Amino acid sequence: MNASPSLRQVHVIDHPLVQHKLTLMRRKDTSTKTFRQLIHELSALLAYEVTRDMPMQEVEIETPLEKTTGRVIDGKKTVLASILRAGNGFLDGMLEVLPSARVGHIGLYRDPATLKPVEYYFKMPSGMDERDVIVLDPMLATGNSAVAAVDLLKRLQPRSIRFVCLVACPEGIANFHAHHPDVPIYTPAVDRGLNEHGYIVPGLGDAGDRIFGTK
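Remember, it's a predicted structure, so these values are computed and weren't measured experimentally.

Peer 1: Which residues make up the packing of aromatic side chains, and what are the values?
Peer 2: Under the definition given, this model contains 2 aromatic pairs. Consider the rings of Tyr 109 and Tyr 120, whose centres lie 6.4 Å apart with planes at 35 degrees: the pair is tilted. Of this pair, Tyr 109 sits in strand β5 (residues 102–110) while Tyr 120 sits in strand β6 (residues 117–123); the two residues are 11 residues apart in sequence, bridging distant segments of the chain. The class of Tyr 109 is partly exposed, set by a relative accessible area of 43%. Ring centres of Phe 163 and Phe 176 lie 5.3 Å apart, and the angle between their planes is 40 degrees; this geometry places the pair in the tilted category. Within this pair, whereas Phe 163 is found in strand β9 (residues 160–164), its partner Phe 176 is found in helix α6 (residues 170–179), the two being separated by 13 residues in sequence.

Here you go:
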């Protein structure tokens, strides 16, 4: 049986180092300091995977010995778009691998009456129509925030969009790809589902609280 278009757009990153670090992050007794260090290391590893198929171009260079050609990533600098606040936990590790990347921020909160995401902050670099965007958010739970973030980004017509998270679930994937079937998801794990409070299970808890040491 062929996979559905949605499933073909989900890239599960099963590298042993990625899986090892994610398992350590899931443990409830992992300290805030260790959790931060692990997400830093894990996000750097994820950066290699999410950029694997980025377009390249040939350029002329000169080595100490002779002129030659080499390959570089095509187009303007990549944009790392963090969904506040937990997405910021990804930035340092990603920037170690992509030190010239530009950084954008997307602020959303959930309206208590409608339960829908409401934008409170949106700032992106210029020239988005020539840039590839990597959206960062640790959890793809209901998918509502991810959908809203990509809605906002698409108004700027970037060249491409990729979504990266630590843990996803079937409900979030289905909701996200119902709205944005063209945007691939990169994640180390697709967990069982959501509990009655909208948390991914087994999951790793509230990623923002665990990164920033808040309750």
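Peer 1: Can you explain the environment of Val 10? Please cite residues and give values.
Peer 2: Tracing the backbone through its elements, the reader meets Val 10 in strand β1 (residues 10–12). Overall, the relative accessible area of 13% leaves Val 10 in the buried class. Residues Val 10 and Ile 173 lie 163 residues apart in sequence; the distance between their C-alpha atoms is 8.2 Å.

Peer 1: Please give an account of the pattern of salt bridges that cites residues and values.
Peer 2: Opposite charge on two side chains makes pairing possible when the charged atoms of those side chains draw close. A complete count under the given rule lists 8 salt bridges for this structure. Glu 49 serves as the salt-bridge partner of Arg 52, at 3.1 Å between the closest nitrogen and oxygen. Ionic pairing is found between Asp 53 and Arg 162, a salt bridge with its closest N-O pair at 3.1 Å. Placement of Asp 53 in the loop between α3 (32–50) and β2 (56–62) and of Arg 162 in strand β9 is noted, with a sequence separation of 109 residues between them. A relative accessible area of 7% means that Arg 162 is categorised as buried.

Peer 1: Residue-level account of the side chain of Thr 78, with values.
Peer 2: Among the secondary structure elements, Thr 78 is positioned in the loop between β3 (67–73) and β4 (79–83). With residues near it in sequence (within four places) discarded, Thr 78 still touches Met 54, Ala 101, Arg 102, Asp 132 and Ile 134.

Peer 1: How would you sum up the sheet that holds β4? Please name residues and give values.
Peer 2: Across a sheet, strands are paired by hydrogen bonds formed along the backbone, either parallel or antiparallel in direction. Ordered by their spatial adjacency, 7 strands build an open sheet running β1-β11-β9-β7-β4-β5-β6, and the pairing between neighbours is mixed. Of all strands in the sheet, those with a lone pairing partner are β1 and β6, marking the two edges. With direction set aside, neighbouring strand axes in the sheet form an average angle of 20 degrees. Bridge count for β4 against β5 is 5 bridges, and the pairing is parallel. Among the inter-strand pairings, Ile 83 is bridged to a residue of β5, identified as Ile 106. Sitting on the sheet, α3 touches β7 (132–136), β9 and β11 (185–187), and the angle it makes with β9 is about 145 degrees. Its contacts with the sheet put α6 on β1, β9 and β11, and the angle it makes with β11 is roughly 160 degrees.

Peer 1: I'd like a rundown of the UniProt feature "binding site: 5-phospho-alpha-D-ribose 1-diphosphate" (unreviewed entry) in the chain, residues and numbers included.
Peer 2: According to UniProt, the positions carrying the feature "binding site: 5-phospho-alpha-D-ribose 1-diphosphate" (unreviewed entry) are Arg 85, Arg 110, Asp 137, Pro 138, Met 139, Leu 140, Ala 141, Thr 142, Gly 143, Asn 144, Ser 145 and Asp 206. With respect to the helices, strands and loops of the structure, Ala 141 is situated in the loop between β8 (139–140) and α5 (144–154). A relative accessible area of 17% means that Ala 141 is categorised as buried. Take Asp 206: it is sitting in the loop between β13 (200–201) and α7 (207–212). Looking at Asp 206, the relative accessible area reads 30%, which means it is partly exposed. Of the polar contacts made by the side chain of Asp 206, one reaches the backbone nitrogen of Asp 209; its length is 2.9 Å.

Cut-offs applied
- Residues numbered from 1 in each chain as written.
- Predicted model: local features only at pLDDT ≥ 70, side-chain atom pairs only at ≥ 80, totals over all residues.
- Heavy atoms only, no water.
- Phe/Tyr/Trp six-rings, centres within 6.5 Å; stacked < 30°, edge-to-face > 60°.
- Helix = DSSP H or I, 4+ residues; strand = E, 2+ residues; numbered from the N terminus.
- Buried < 20%, exposed > 50% of the residue type's maximum accessible area, 1.4 Å probe, protein only.
- Salt bridge = Lys/Arg side-chain N within 4 Å of Asp/Glu carboxyl O.
- Contact = heavy atoms within 4.5 Å.
- Pairing = 2+ DSSP bridges.
- Axes fitted to C-alpha atoms, helices over the stretch in contact; angles between N-to-C directions.
- UniProt positions renumbered as here; feature names shortened; annotations may be inferred.
- Polar contact = N/O pair within 3.5 Å; in protein donor to acceptor, adjacent residues only side chain to side chain.

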